[in-house]
Structures are given as C-alpha cells and as structure tokens.
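Listed below are the residues making up each chain.
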Amino acid sequence: MPFLLFAQEGHHLPLDLDEVAVRFAQPADVDRYIREFREEVYEFEEEFVEARGIDDNLLETVNCGDPTAENEAASLYEYFLQTEQYRLTFRGELNVILGRKGSGKTAIFLQVRDNTRVKKENIVVDLAPENYQLLKLKEFVLAKLALGTRKEFISAFWEYIVLLEITYKILEKDQKRAKYDSRLLEKYQRLNEFYNSRVDTGSGDFSERLTRLADRIVERFGQSGDGEKQSLSSSKLLEIVYGAEIRTLRDEINAYLRIKGVVFFLFDNIDRFWSQTGFDATDALIIVGLIEGLQEVKKRFGRAKIDFEWATFIRSDVFEFVVKGMADYGKVSVASVEWNDVQLIENMFENRVMRGFAGKSVTWQDVWNSITVPTVKGKPVLSFLIESSLMRPRYLIRLFETARRRAVTLRKKVIEEEDYLKAQEELGWQVMEDVSHELTDVVPEAEDLLFDLTALGPKTSLNEVREVILKRVKPERVDPVLDVLIWSGCIGVDGPKGPTYISDCGFRRPFIRALMNDGNKKMVLLHPTLSSLIA
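What you are looking at is a predicted structure, and each value in this text was computed from that prediction instead of being measured.

Student: Would you mind showing me how to read the overall build of the protein chain here?
Tutor: On a plain count of helices and strands, the protein chain comes out with 24 helices and 13 strands. Surface exposure of the protein chain reaches about 26,100 Å², of which carbon and sulfur atoms provide 49%.

Next comes the structure, spelled out in structure tokens:
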C-alpha cells in the first residue's frame, strides 16, 4: 500500500520512521512530492486486485458429498448408511442387486469391496467395465452361433473371464508378499508361469483385457474354418473359448486359494455393455450367462472347499423387462436397493451433512435450522428435496448441493426458497437427459420423447400419453416405453390416496399400471421436478 511521510529538514524522528520519511526544506517542496505520490497511488490502483477472504459462513462448511459414488470412494465410509441390502451383500447372501441409476448400487459395491479387503488374506476382484467392450463378441454370437449354442458359449466365456481375473488379481496382490512367504512362493511362481504362458488377455485394465479376449475368441473361431452359423459340440465350443485345456489353470488356482481367505467377485456397471442401438435379447443373454457362469464357478470352488462369494449390480428396469424371464435363478438371491422408506433416505442425507461436524457438540437440528429456510412451497425443506429427487440418492445430493452452492455464491447466510426452486429446475434438465438414455437402452427410437411428454403439462390422460409416444415408436413398443417412464419415476397416477409414483407403492410397477387402466378417467401425472421446467 503506498504511503507518504513528510518531515522537515533538521527534525529528528524515530529510527524506523526516519528511514522512510521524505524531507522538505520549504512548503513549496511538498507540492512536487504530492504529485509524484499521486502517480504512485494511481499505478497501485491499476495493478491491485482485491481478493475477498472466506467468510465465516456455515453454508461453506456444510457439504453433502458428490452425487457419483465413484468420485467419493475414499471418504464414502464416513457417512455410508449400512442398509440391509449392504449387509446381505457383504455376507455373500445377496447375489443380484437391482436399482435404478443413482439409487446407490455403486456405493454398496465400493463399501463391500473395501470392507472385504480389510482382511489381507481375502482376494477381492472388483470389475466395472466401460462402454461397448463386448460389441464384437455380440456380433459374433448373432452371426455365427445357432440359438441352442449361444447360452452355453456365453456361460463358458464368463467362467473363463472369472478364472483369469481371479488369477490376475492374485498375481497383482501377492507379487511382493510371495517373495517373503514360503507358503506362497512356489505356488505363486507356478501360477504366474502358467498364466503368462497361455493367457489371452495380457495386461492393461479390465476393459482392455475383456476386449482382447473377446477378439481372440472371434479369431479362433475364424481359424477353425467354421464360417457358417451352426450348433457346435460342447468340446468344440470350449476349445474356441479357452484356446487350450483349462483344467490345469483351475487346479493351480485352487492350490493357491486353499491357503488364502474368501474370494469375493464383484461386478458393477453391467448396463454399460450394450451398444448405442439399445438393449436386446442377446444383451440379456450376456447378463444371464454371467450369472450362470458365476454360479458354476461357485459350485466348482465349493467342491474344492474354497469360499467364493459374488455379487452383480443391474438396473431394475433392464432386469424386469428383459432379463427376468430368461433364466431360472434357483438359489441366486435377488433384491432391490430402491429407496421407498422416507426415514431411511432422511438418515442417509443427515449422515452426509453431519460428517463435517464430527466431534463437535452440535445436533442435526442445530445445523439444519442454521443453514436453510424451513419450507419450500409450504412443505418442509427435506420433504421437498426427497420428493423432487425421485427417491434417488444421487439426485437428492445433486439438488441440495446445487441450492447450497447458489446460496454461497450469492453470499447468503441460509439457503432460501428461490435457491431450491432454481436447483429443482436444473435437476429437471438432468433427469430429462438421464431418463432419455434409459429409454433408448430399451427402446432406441424413444430418444427425446420426454420433451414431447413434458409439453403435455403436469396432468394429462393416459390416452394422450399413448398418442404422444405413438408418434415416435411402433405400436408394439408403446407399453415398454410407458413401463420405463413408470420405473424411472417420471410419470405417476392420481390414485385413491392422491399422487402415486412407483416409489409410493414399493416399486411395484404393475400396481401403477393397474391404477392407469381407465385411459380417459385416470390422470397421468408428470413428476413435479419435470413439471418445474414448464411452470
């Protein structure tokens, strides 16, 4: 900061001031120094940029976390709500976990993985593929394999993948430990030698290994000279999948795992397998094959007295519409992680908000009353947030954080009603985008349908909804589109107890369809979060 200190010549000043003082002999000299000082101040003002410090604002302290579980994997344990579905999965009693996007499947995946890893003897294989790794394999199945051969081929393919990935994880996990553990060293060396001498997948991440193996299988089929679509014998089929005898690999894995702990195989993001043309029967067969392949691996390990647990995570709508009717799951345990208990989702939200106040003598009500207005449109704020989130934790977190960040940016002390309404509108556009993707996975030609549906307004008849859908899809695809819209929570019905969405009836889609059976009299409701876009 510029300053100017005058002192007349001959006057004595303290040493620290004397060094910086400007001396003058006559009053006329002062004008010249003032002019020079004015220029210095001007230059300083041109260069100076004021940086505001962080206010002591509670809103800046509160944080609800990231809407995407993968982005907060390191801190998720601090506020994760251990639901019954989590506990069953962790104990190996739940195999197929169902939920809509944003319902918390990946959070369970991450917590089961991390808590199983706590015991160093355990082997945890956690896989989450990216998009379209099996496109070439799918084309091969459709073009070259007869219907009767496809299921056996895909199950064998997945069993092989599971064995290779368990081996890969063992070699990665025990690379250093085996050198200093006499129990492991010889077995590790044999397994490593065998894996490297015949493996099809090589290194890289799982997506790369999966793609490489699928490509090699297609190549082996071409080299076999079997160019036409056909029903292969079991021995021929397994030769194409494995490329060589696989019993030795199984034996080496079993020998190694007998001195280890539990093997836990977790498979997330299965819904990312299919292509942009949508989900079809072959994609369903790939998922069914994975489940049956895992069952077979569990049986084989069981006979070898090895503990093997597994869990896969699948979108609820895909499971119901396509996968559910394709297999007899027998002993496979299937459960949904959908949230239909308001108190549970409130507890989940409270855990997230309060994690920043651990060890402090403040209560939930103290914090909540200090950061927000009490109501939005006459409803308690938390009720408004949960309703607007379509009962999806991801949307609840996004909605609150959007409103909070807006309030902080505008330098408010509390989140006001306007902040929540703006955040709801922003979430509405996100829901439009997400559900459009979910629709096109099942009915590709239904892309952008939600824009047409939203234009009908908050309430309309089922017949009008059908007419709008029919403008974009074939008549036989109208009901599947309706079902996806119901599953997503985008549409509900004006039922006997008032507005009813799928989360209000335990996620039982047939119940909503039954309430809609009178196409003219029953009003179909657009979810309030989508209605906010046209309000």
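Student: Honestly, the sheet that holds strand β10 (residues 459-461) in this entry has me stumped. Any pointers?
Tutor: Strand pairing within a sheet occurs via backbone hydrogen bonds; the two strands may be parallel or antiparallel. Within the open sheet, the four strands sit side by side as β10-β13-β11-β12. Their pairing is antiparallel. The open sheet is flanked by β10 and β12 (498-500), the only strands paired with a single partner. Each adjacent strand pair in this sheet contributes to an overall mean axis angle of 40°, direction not counted. Sheet analysis places strand β11 (residues 491-495) next to strand β13 (residues 523-526), joined by three bridges and oriented antiparallel. Among the inter-strand pairings, I491 is bridged to a residue of β13, identified as L526. Helix α21 (residues 462-470) rests against β10 and β13 of the sheet, and its axis sits at about 85° to β10.

Student: What is the right way to read the environment of S103 from this model?
Tutor: As for its placement among the helices and strands, S103 is situated in the loop between β3 (96-99) and α5 (105-117). In sequence terms S103 and P393 are 290 residues apart; their C-alpha atoms lie 5.7 Å from each other. What S103 contacts, discounting residues up to four positions off in sequence, is V337, E338, W339 and P393. Here the side chain of S103 touches R100 through a polar contact of 2.7 Å, landing on its backbone oxygen.

Student: I would appreciate a short explanation of the pairing of β3 in the present structure.
Tutor: Residues V96 and L98 line one face of β3 and the alternating positions I97 and G99 line the opposite face, and both faces are buried. Two elements, β3 and strand β6 (residues 308-315), share four bridges in a ladder whose sense is parallel. By the bridge assignment for β6, L98 is matched with I314. Alignment of β3 against strand β7 (residues 334-336), held across three bridges, turns out to be parallel.

Student: Would you explain the packing of α21 against helix α22 (residues 478-488) in this entry?
Tutor: In a packed pair of helices, the relevant descriptors are the angle between the two axes and the axis-to-axis distance. Here α21 crosses α22 at 115°, and the two axes come no closer than 10 Å. Comparing the axis directions of α21 and α22 gives the class roughly perpendicular. Judged by the twist between their axes, the crossing of α21 over α22 is right-handed. Contact residues: L462, V465, R466, I469 and L470 in α21; V478, D479, V481, L482 and L485 in α22.

Student: How should I be thinking about the sheet that holds β6 in this particular structure?
Tutor: With respect to topology, five strands assemble into an open sheet ordered β4-β5-β6-β3-β7, the strand pairing being parallel. Strands at the two margins of the open sheet, each flanked by one partner only, are β4 (123-127) and β7. Pairwise comparison of adjacent strand axes, ignoring direction, gives a mean angle of 15° for this sheet. Along the sheet, helix α13 (residues 281-303) contacts β3, β5 (263-267) and β6; its crossing angle with β6, the most-contacted strand, is approximately 170°.

Student: In this structure, what is going on with unusual backbone geometry? I would like to understand it.
Tutor: Glycine aside, the phi torsion of most residues is negative, and most peptide linkages are trans. For K305, which is not glycine, the phi torsion reads 65° and is therefore positive. The exposure class assigned to K305 is exposed, which follows from its relative accessible area of 74%. Its identity as a non-glycine residue notwithstanding, M391 has a phi of 60°, on the positive side. Topologically, M391 is positioned in the loop between α17 (381-388) and α18 (393-409).

Student: Explain the pairing of β4 to me, please; I cannot follow it from the model alone.
Tutor: For a regular strand, the rule is simple: side chains alternate between the two faces of the sheet. Most of β4 sits out of view: five of its five residues are buried. Relative to β5, β4 runs parallel, the two sharing five bridges. Each residue of the ladder has a partner; that of V124, found in β5, is F264.

Student: Is there a simple way to explain the nonpolar core in this structure?
Tutor: In a soluble, globular protein the nonpolar side chains are often hidden away together inside. In terms of nonpolar packing, the biggest core is built from 69 residues, with F349, W368, L385, F400, Y420, I469 and V481 touching the most fellow members. The next biggest cluster of nonpolar side chains, apart from the first, holds 62 residues, and it includes L98, Y242, L285 and A304.

Student: Explanation requested: the packing of helix α7 (residues 147-173) against α13 in the structure shown.
Tutor: Running from amino to carboxyl end, α7 crosses α13 at an angle of 55°, the nearest separation of the two axes being 7 Å. As far as their axial angle goes, α13 and α7 are oblique. Along this stretch, α7 crosses α13, giving a crossing that reads as right-handed. Between α7 and α13, the contacting residues are R150, K151, I154, S155, W158, E159, V162, L163 and I166 on the first element and L285, I286, V288, G289, L290, E292, G293, L294, E296, V297, R300 and F301 on the second. Partitioning the contact of α7 with α13 into residue classes produces 12 nonpolar, three polar and six charged.

Cut-off values and rules
Residues numbered from 1 in each chain as written. Predicted model: local features only at pLDDT ≥ 70, side-chain atom pairs only at ≥ 80, totals over all residues. Heavy atoms only, no water. Helix = DSSP H or I, 4+ residues; strand = E, 2+ residues; numbered from the N terminus. Areas by Shrake-Rupley, 256 points an atom, 1.4 Å probe, with all protein chains shown as cover. Pairing = 2+ DSSP bridges. Axes fitted to C-alpha atoms, helices over the stretch in contact; angles between N-to-C directions. Contact = heavy atoms within 4.5 Å. Polar contact = N/O pair within 3.5 Å; in protein donor to acceptor, adjacent residues only side chain to side chain. Buried < 20%, exposed > 50% of the residue type's maximum accessible area, 1.4 Å probe, protein only. Parallel < 35°, antiparallel > 145°, perpendicular 65-115°, else oblique. Left-handed = near helix turned anticlockwise from the far one by under 90°. Core = buried A, V, L, I, M, F, W, Y, C linked by side-chain atoms within 4.5 Å. Nonpolar A, V, L, I, M, F, W, Y, C, P; charged D, E, K, R; others polar.

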